[in-house]
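Geometric and topological summary
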Amino acid sequence: MFTTQKQIRAEFWSAHPHLAEQARAAGILTAPQNRHCATVRCSFVDFVDHLHRTGQISDALADRVTL
């Protein structure tokens, strides 16, 4: 079970290496989520939704986590 936003972000980038490489090449891997393209943001939302639906993160964490 994930308990921090940092853990979720790390797992997202690990699970989506092609997106991580694209963000790294653009120099925005650690930038706020609004600097990322819509594809990355939508993928992150789907990833968080999956973690929440499978009980891997709490309701509160699902509501507040950001890329």
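Attention here is on the structure that accompanies the text. Given the structure is predicted, the values throughout are model-derived calculations rather than measurements.

1. Digging into the state of the cysteines
In a disulfide, the sulfur atoms of two cysteines are covalently bonded to one another. Under the counting rule described, the total for this entry stands at zero disulfides. Free of any disulfide, Cys-37 has its nearest neighbouring cysteine sulfur in Cys-42, separated by 8.8 Å. Taking the relative accessible area as the measure of exposure, Cys-37 reaches 33% and is therefore partly exposed. With relative accessibility at 48%, the residue Cys-42 sits in the partly exposed group.

2. Regarding the environment of Leu-61
Along the chain, Leu-61 falls in helix α4 (residues 59-64). Considered as a pair, Leu-61 and Leu-29 are 32 residues apart in the sequence and their alpha carbons are 21 Å apart.

Conventions we followed
Residues numbered from 1 in each chain as written. Predicted model: local features only at pLDDT ≥ 70, side-chain atom pairs only at ≥ 80, totals over all residues. Heavy atoms only, no water. Disulfide = S-S within 2.5 Å. Buried < 20%, exposed > 50% of the residue type's maximum accessible area, 1.4 Å probe, protein only. Helix = DSSP H or I, 4+ residues; strand = E, 2+ residues; numbered from the N terminus.

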